[in-house]
Amino acid sequence: MIKISATFIITVFCLRVATAGDGMSAAAEKCQNTYGITDPTSIMKEKSMTLKDENNVDGRCFCECLMTEFGILKQDGSLDVNAVMLEAKTMMKYAEKQGIKVDENQLKSSVTECGKKGGDGKCMKSYKMWECLCDLATKTMGTM
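Computed from a predicted model, the values in this text were never measured in an experiment.

## A look at the overall build of the protein
At step 1: Tallying secondary structure elements over the protein gives six helices and two strands in all.
At step 2: Seen in sequence order, the protein has helices and strands lined up from the N terminus as β-α-α-α-α-β-α-α.
At step 3: Relative to its full complement of 144 residues, the protein shows a buried share of 44%.
At step 4: Within the protein, contacts between residues at least 6 apart in sequence are counted, and of these 65% link residues at least 24 apart.

## Description of the nonpolar core
At step 1: Grouped together as the largest cluster of nonpolar side chains are 32 residues, with contacts concentrated most on M44, L66, M67, L79, V111 and W130.
At step 2: The set of elements that each furnish at least two residues to this core consists of α2 (25-35), α3 (57-69), α4 (81-97), α5 (104-115) and α6 (124-142).
At step 3: Setting aside residues up to four positions removed in sequence, M67 forms contacts with I72, L73, L79, S126, M129 and W130.

## Description of the state of the cysteines
At step 1: Summed over the entire model, instances satisfying the criterion amount to three disulfides.
At step 2: For the protein, numbering the cysteines in disulfides from first to last along the sequence yields the connectivity 1-3, 2-5, 4-6.
At step 3: Left unpaired, C63 is separated from the closest cysteine sulfur, that of C134, by 7.5 Å.
At step 4: C63 gets classed as buried once you look at its relative accessible area, which sits at 0%.

## Topic: the pattern of salt bridges
Close approach of charged atoms allows side chains with opposite charge to pair.
At step 1: The full count for this structure, using the stated rule, is four salt bridges.
At step 2: Residue E69 is joined to K30 by a salt bridge in which the shortest nitrogen-to-oxygen separation is 3.0 Å. Of the two residues, E69 is situated in helix α3 and K30 in helix α2; the sequence distance between them amounts to 39 residues.
At step 3: Among the ionic pairs, K128 bridges to E131, the shortest N-O distance being 3.2 Å. Pair noted here: K128 and E131 are both in helix α6, with a separation of three residues, about one helical turn.
At step 4: Salt bridges sharing partners connect three or more residues here, namely E54, K128 and E131.

## A short note on α3
At step 1: The terminal C-alpha atoms of α3, which comprises 13 residues, lie 18 Å apart, in line with the 18 Å expected from a rise of 1.5 Å per residue.
At step 2: Considered for burial, the residues of α3 that qualify are G59, R60, C61, F62, C63, C65, L66 and M67.
At step 3: Sitting at the head of α3, N56 places a side-chain oxygen 3.2 Å from the backbone nitrogen of D58.
At step 4: One or two steps after α3, the chain reaches G71, where phi turns positive at roughly 80 degrees.

## Quick word on α2
At step 1: Of the residues making up α2, those classed as buried are A27, A28, C31 and Q32. Relative to the axis of α2, the buried residues are bounded by an arc of 140 degrees and lie together on one face. Exposed residues lying more than 90 degrees from the buried face of α2 are A26 and N33.
At step 2: Looking at the buried positions of α2, the neighbouring elements they touch are α3.
At step 3: Once α2 finishes, G36 follows within two positions and takes phi at roughly 65 degrees, a positive value.

## Some thoughts on the environment of L107
At step 1: By secondary structure assignment, the location of L107 is in helix α5.
At step 2: The spatial distance from the C-alpha of L107 to the C-alpha of M85 is 8.0 Å, given a sequence separation of 22 residues.

Thresholds applied
Residues numbered from 1 in each chain as written. Predicted model: local features only at pLDDT ≥ 70, side-chain atom pairs only at ≥ 80, totals over all residues. Heavy atoms only, no water. Helix = DSSP H or I, 4+ residues; strand = E, 2+ residues; numbered from the N terminus. Buried < 20%, exposed > 50% of the residue type's maximum accessible area, 1.4 Å probe, protein only. Contact = heavy atoms within 4.5 Å. Core = buried A, V, L, I, M, F, W, Y, C linked by side-chain atoms within 4.5 Å. Disulfide = S-S within 2.5 Å. Salt bridge = Lys/Arg side-chain N within 4 Å of Asp/Glu carboxyl O. Expected span 1.5 Å × (residues − 1). Polar contact = N/O pair within 3.5 Å; in protein donor to acceptor, adjacent residues only side chain to side chain. Arc of directions from axis to C-beta.

The structure is reproduced here in structure tokens:
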């Protein structure tokens, strides 16, 4: 059985959120319209799903909107670790069927650390959480 780090699961989660597949497209479209983002790929780094320019306020708020619409950002602006873990459980079951062992405690720890990120400026705190989740994922994918 292959053992894989928690950030692999976070990669799948970030990519799922960012690409807005299977029923998520309406929420993504809402966020795009709200922040005037006609093509998310024009403002996002393709491999990491983070912004090309974090000073882009509309881009940061687009990410925050996605997190809110997909239920991983609470009304108070904090990361809903339980919601992320609930989403991750589905992916962990799939990974296990593929012979991949996921350390759930490590995953929860990583998600919790991302939830502690902060920042100044409109939508910066939530963007830093998004960036943390996606950056962890990118680093893991780069080593596979």
